[in-house]
Amino acid sequence: MESSWLKRSLVHHGLPLLNALKADSELYRSLEIEKTSKEVHLENHHSTEPSTDSFHTLLCEFIAKKADLLFDKRLRDPSKWTGNEAEEMLMPPLECFLNLPGETLRHHFLQSIQAGDVIIAEVFASNPDGLVLRVLFSEHPRRRDLTHSVPVEAFCPLEEVPRLPGYRSAVEMFQPGDRIRAFVVATTVPLQVSLKSETVPSTHRQAVEGKTKLGLVPSSYRPFRNAQRNYSALLRRSRTFSDPASLAPQKKTSYASLFREMFLANPSPDEMVEAIRRQQSTAWSHQLVEQGVSFFKKGQTKEALERISSALRIDVECVEALVARGAILANQTQFEKACGDLEKAVELKPTHRNARKYLVQVLIALARSESASNRLDAAMGRLERVLELEPDNEEAARALQRMDPARIVDGG
């Protein structure tokens, strides 16, 4: 468990969480909470009073009970995200999806912004004292879109604007409408920001400089300009998003649950989602095969093939569906397609009696057709396959004797 995360939570929640943690003496000792309790109270003195909020009390009890899971790095480790995948999987700010009142966005932003945050702002005006800005986005560490909110003002003092050679004044290079990336120095109203990287405290410098560079950015720049589109595209590529009833296999390389038994236990493979999905898929596909066979017996071949093909889309390894479709296609003299289905069925289940029987019949029919077209090599290959399946098949053996290549060539 990452104890620093829990201690940060303790700083925020104060005495109610501290009391809840004391109920678990082992956890309390392991985190050495007593050594940090004074620091916690000093930083968050307003939380030292017992909470009268029943919800907050319940929340603190929940955090204490689930601390070993909530603050386990195995459940959330963004450092493992790499490249474009991390960007696509990072959901855009909620306001991108909601039509929230501008005043609400502004109020929430001002409550959440902190010194050390990186913002994208637009130059509204410049004067001898500095730059007057309008905040457009919060970029790091929290991402917020303020383009539809009531304007949030910021000010960059002249001494916090780098002066470049060739300009009489540091603000001369900036024009109204320019977009800049700035570092929040103070959360006053208006916000106080800086464009000088040396102003960034050492505690934030590595994170900020590694992530971004302060100063001018392209006029069309958005911190998450592709995120919403990519996220939407990602959803639409998901089969279960477009079809919630889909039983497509869902791969699961790791799992996280706040049910301790689920997280800590080692369930058997049969209890994992892949195995359960496979069982569900098999049951549903067999049901569709039965419907298809019923349609075929009624002479409704088209409907029969639709049902059986649906079964194979759910479970591509459904042997019964492959055999049934192979038999129906053979009945329609589509021997090549039938042979493909039946060969796959035999490969998946070599002992399936009907699959082997129908495949032998289809191979003999194909051999006859190829022999009549003087494609003797192909016909002999079909017959040899028949003998692999049924070594005692006299019809195939006799046909091979008649197709002696040397005798036929000499006769030609």
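These numbers come from a predicted model, not from an experiment. (Residues numbered from 1 in each chain as written. Predicted model: local features only at pLDDT ≥ 70, side-chain atom pairs only at ≥ 80, totals over all residues. Heavy atoms only, no water.)

Our next topic: the overall build of the protein. The helix and strand inventory of the protein stands at 20 helices and seven strands. Taking the intrachain contacts of the protein between residues at least 6 apart in sequence as the baseline, contacts between residues at least 24 apart amount to 60%. For the protein, the exposed area adds up to about 25,200 Å²; of that, 52% sits on carbon and sulfur atoms. (Helix = DSSP H or I, 4+ residues; strand = E, 2+ residues; numbered from the N terminus. Contact = heavy atoms within 4.5 Å. Areas by Shrake-Rupley, 256 points an atom, 1.4 Å probe, with all protein chains shown as cover.)

Moving on to helix α14 (residues 301-314). Spanning 14 residues, α14 covers 20 Å between terminal C-alpha atoms, matching the ideal 20 Å at 1.5 Å per step. Residues of α14 that are buried include every one of Ala 304, Leu 305, Ile 308, Ser 309, Ala 311, Leu 312 and Ile 314, and no others. The secondary structure elements touched by the buried residues of α14 are α13 (273-297) and α15 (319-331). (Expected span 1.5 Å × (residues − 1). Buried < 20%, exposed > 50% of the residue type's maximum accessible area, 1.4 Å probe, protein only.)

Moving on, we come to unusual backbone geometry. Negative phi is the rule for most residues except glycine; trans is the rule for most peptide bonds. For the bond running from Val 189 to Pro 190, omega is 0°, close enough to zero to count as cis. Looking at the element boundaries, Pro 190 is found in the loop between β5 (179-186) and β6 (191-194). Here Asn 374, not a glycine, exhibits a phi torsion of approximately 65°, which is positive. Structurally, Asn 374 can be placed in the loop between α17 (353-372) and α18 (376-389).

Once that is clear, we can look at the confidence of the model for the protein. Looking at the protein as a whole, its pLDDT mean stands at 76, while 70% of the residues score no less than 70. Counting contacts from residues 42-48, a segment whose pLDDT is below 50, to residues more than four positions away or on other chains yields twelve contacts. Below a pLDDT of 50 lies the segment residues 247-255, which in the model reaches 18 contacts outside its immediate sequence neighbourhood of four places, other chains included. (pLDDT = per-residue confidence, 0-100.)

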